[in-house]
There are 2 protein chains.
Amino acid sequence: MSQRKASGDAGRATIRDVAEQAGVSVASVSRVLSGNYPVSEELRRRVMKVVGDLDYVTNAHARSLAGGGTPTVAILINDITGAAFAHVARGVEGAATLRGWLSLVGTTGDDPERELALVNMMRQQGVAAVVLLGGAYDYDEYQLRMARFARSLDAAGSRLVLVGRPPLEGDVPATTVDYDNEGGAYAMASHLLSAGHRKVLVLPGHAELTTAQGRLKGARRAFEAYGVPFEPSMVRHGFYDYEHGYDAVQESLRDGLDFTAVLAGTDVVAAGAMQALRAAGLRVPEDVSIVGYDDIPLASQLTPQLTTVHVPYEEMGRVALRAVADRREGGPGRRKGDGDHLVLGTHVVVRNSVRPPAPRV
Amino acid sequence: MSQRKASGDAGRATIRDVAEQAGVSVASVSRVLSGNYPVSEELRRRVMKVVGDLDYVTNAHARSLAGGGTPTVAILINDITGAAFAHVARGVEGAATLRGWLSLVGTTGDDPERELALVNMMRQQGVAAVVLLGGAYDYDEYQLRMARFARSLDAAGSRLVLVGRPPLEGDVPATTVDYDNEGGAYAMASHLLSAGHRKVLVLPGHAELTTAQGRLKGARRAFEAYGVPFEPSMVRHGFYDYEHGYDAVQESLRDGLDFTAVLAGTDVVAAGAMQALRAAGLRVPEDVSIVGYDDIPLASQLTPQLTTVHVPYEEMGRVALRAVADRREGGPGRRKGDGDHLVLGTHVVVRNSVRPPAPRV
DNA sequence: TTGAAAGCGGTACCAC
DNA sequence: GTGGTACCGCTTTCAA
């Protein structure tokens, strides 16, 4: 019996096993496998034969320790079941795969502790980039926290990428991929206003959430542009979920609020709102118009199909990955700050959930 | 100038940097950090201080090479944007995180090539388990392919886990976490039949897909139990997506098919069917009843809310992870084959999309 | 309790 | 073109 594991033994075969069985040196095996070095056809054949027989794959850990290694991108997300973020993740993952990169996914569940733990875990993995997805709560410490992440990652040769939230202030080593959130809201609200709506219930989302802030701001600007007073009493904050949409409409109705349209912060909120309207015997869009935001598949699957703001989520994911990949390739001509803040456009998708308000009787 | 990087230099700090700056040996640093070995309070303090100053994290690759290392589970999925699978992924990820495991996610896009590449990539990473999510296409080579994956992974000390598909035949080293697919379909169809429906349009999904096969089989059994003839002409196959639901209903209507209910293969298909019915001026459930399968959030967000079969997706994910974790802990008392095939229950969730058929005029 | 040193599985530089 | 070998950063005996 040999001291080292014989073929068929437990544990993975190593490059040494392959070398031995092929009667060549480990260096040669390495060369054949990396393919970035000239080797004789004969040697290649011999090695590949054994690789096949042993079903050998190189140890990624050893490889990255020694220098090489597959770049990996980590995607950190609050909740993996969110449709919008799922699309960003798909964009990142797709682009990563295309380049032979690997992707890790971690969910934070809105817990700062877990977020920190995950960032550190990713740092341990030596990932090329950490992508943080989704709007952020704009607390005071937020900027500091992110700046710390950014520097920490940067020091380890990694890159922090913020997707779907505003860029960090000051000279922080991070990349931001954003979309025209406020502009989309402005356009969406304008659409409603130009259809003649004047009394609209606004459900922008949580007041502390950056995305909600932007959407609210855009809406307000549109109202100003149309010379329509913006009633604070017509604004209801809450989570970006179905329940919030439902509850907000139900309560507004109960409170006797007078509105002919609902401007929802997300498509899911719009879905909830729609359900509540129906439950109250109101028709959409005959009695009340509704618009959403995000343009996730749900929007076109509702009845009536939802008029909403299209956000290029998947594209954002791809762009984010391309940004870090490019910077990593680090071609000449890159200057500090180049492509550190990318913002994609949004646009209104008109479907069937808006009608001019019914004439007042 | 020292030869090694001074603090603040590029690249991550290493355990040696920490040791040096703390004036202790690397072994001591390692001990302090792993915490699984007695060290003096003084030493711990010194080390932790420097760790903080340098913002040091251990190199996960080096660690796993040397023996330790965080167990990692890889989740391979067709399309990350599918709601059902997202829930499984969440279950796996959550349970993994709970145990300090890491999770990798890869998407195959239904491409066997990519699937193979990913499995190998995960093997390189030395993952503890590879979880394959979702129904599979039941081609001839499928069993062989999976068996090969299973053995390959097994030889590398990893485990193949199949979630949401039938177990592999023969003595293959894999774990399967399944749900009572056929039973759910049986119950769902029975619900329709007992409400008086006799002419039902069945949209089970792709004929080659294992989940579709099970659902169709369950439905057929229910029809037999009720002594109702099962008309092949009332079955339309297709993808598990909204479009298929829409098109199938639209075509059936156009073909003059006579039905009072739709038994959809998934909630998403049901949503499409519902939309098509409406577009044709039919009311749900007054004119036509509809039921789905999966019980994803969409089901309760549709109007009317969808009666459907609840599948414990998230639970399946948790169970899958627990299964591999347990086997890894490998307590005594485990016997070969123990817990290699787990099947969870399903049940009908009654909501508002079913009514007895309208009396024939 | 702490330190020295032998690996873990590859890569890549240096000879031949 | 191919082989020998010094690392990569960490864990874990083995001694002291």
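Structure first, text after, so check above.
Cut-off values and rules
- Residues numbered from 1 in each chain as written.
- Chains lettered and ligands numbered in written order.
- Predicted model: local features only at pLDDT ≥ 70, side-chain atom pairs only at ≥ 80, totals over all residues.
- Heavy atoms only, no water.
- Helix = DSSP H or I, 4+ residues; strand = E, 2+ residues; numbered from the N terminus.
- Buried < 20%, exposed > 50% of the residue type's maximum accessible area, 1.4 Å probe, protein only.
- Contact = heavy atoms within 4.5 Å.
- Phe/Tyr/Trp six-rings, centres within 6.5 Å; stacked < 30°, edge-to-face > 60°.
- Near = heavy atom within 4 Å.
- Polar contact = N/O pair within 3.5 Å; in protein donor to acceptor, adjacent residues only side chain to side chain.
- Nonpolar A, V, L, I, M, F, W, Y, C, P; charged D, E, K, R; others polar.

**Student:** I'm lost on the side chain of Thr211(B) in this one. Help?
**Tutor:** Residue and element names in this part refer to chain B. Locating Thr-211 in the fold gives a position in helix 9 (residues 210-225). Thr-211 gets classed as buried once you look at its relative accessible area, which sits at 8%. Not counting residues up to four positions away in its chain, the partners in contact with Thr-211 are Gly-135, Gly-164, Tyr-179, Asn-181 and Tyr-240.

**Student:** Before we go on, may I ask you to explain the packing of aromatic side chains in this structure?
**Tutor:** For any two aromatic rings, the description comes down to two numbers: the centre-to-centre distance and the angle of the planes. All names here are of chain B. Following the criterion strictly, the structure yields 6 aromatic pairs over all chains and no others. Their ring planes at 70 degrees and their centres at 6.1 Å tell us that Tyr-179 and Tyr-313 sit as a pair that is edge-to-face. A residue pair is termed long-range when its members are at least 10 positions apart, and Tyr-179 in strand 5 (residues 174-179) and Tyr-313 in helix 13 (residues 313-329) qualify at 134 residues. An identical accessibility class is assigned to Tyr-179 and Tyr-313; each is buried. Between the aromatic rings of Phe-223 and Phe-230, the centroid separation amounts to 5.0 Å while the plane-to-plane angle is 85 degrees, which identifies the pairing as edge-to-face. The pair Phe-223 / Phe-230 is uniform in exposure class, with both members buried.

**Student:** It is not clear to me how the protein's contact with DNA strand D should be interpreted in this structure. Could you clarify?
**Tutor:** Contacts to DNA strand D come from 26 residues, most closely from Ser28(A), Arg31(A), Ser40(A), Ile15(B) and Tyr56(B). The sugar-phosphate backbone supplies 62% of the atoms of DNA strand D found within 4 Å of the protein. At a separation of 3.2 Å, a phosphate oxygen of DNA strand D approaches a polar side-chain atom of Ser25(A). Secondary-structure elements contributing two or more residues to the surface near DNA strand D are helix 2 (26-34) and helix 4 (60-66) of chain A together with helix 1 (15-22), helix 2 (26-34) and helix 4 (60-66) of chain B. Counted by class, the surface near DNA strand D contains 15 nonpolar, 7 polar and 4 charged residues.

**Student:** Any chance you could explain the protein's contact with DNA strand C here in plain terms?
**Tutor:** Near DNA strand C, the surroundings consist of 26 residues, among which Ile15(A), Tyr56(A), Ser28(B), Arg31(B) and Ser40(B) are the closest. When atoms of DNA strand C within 4 Å of the protein are sorted by moiety, sugar and phosphate together comprise 64%. At 3.4 Å, a side-chain N or O of Arg16(A) approaches a base nitrogen of DNA strand C. Elements with a contribution of two residues or more to the surface near DNA strand C: helix 1 (15-22), helix 2 and helix 4 of chain A together with helix 2 and helix 4 of chain B. The leading source of residues in the surface near DNA strand C is helix 4 of chain A, at 4 residues. Among the residues making up the surface near DNA strand C, the classes are represented as 15 nonpolar, 7 polar and 4 charged.

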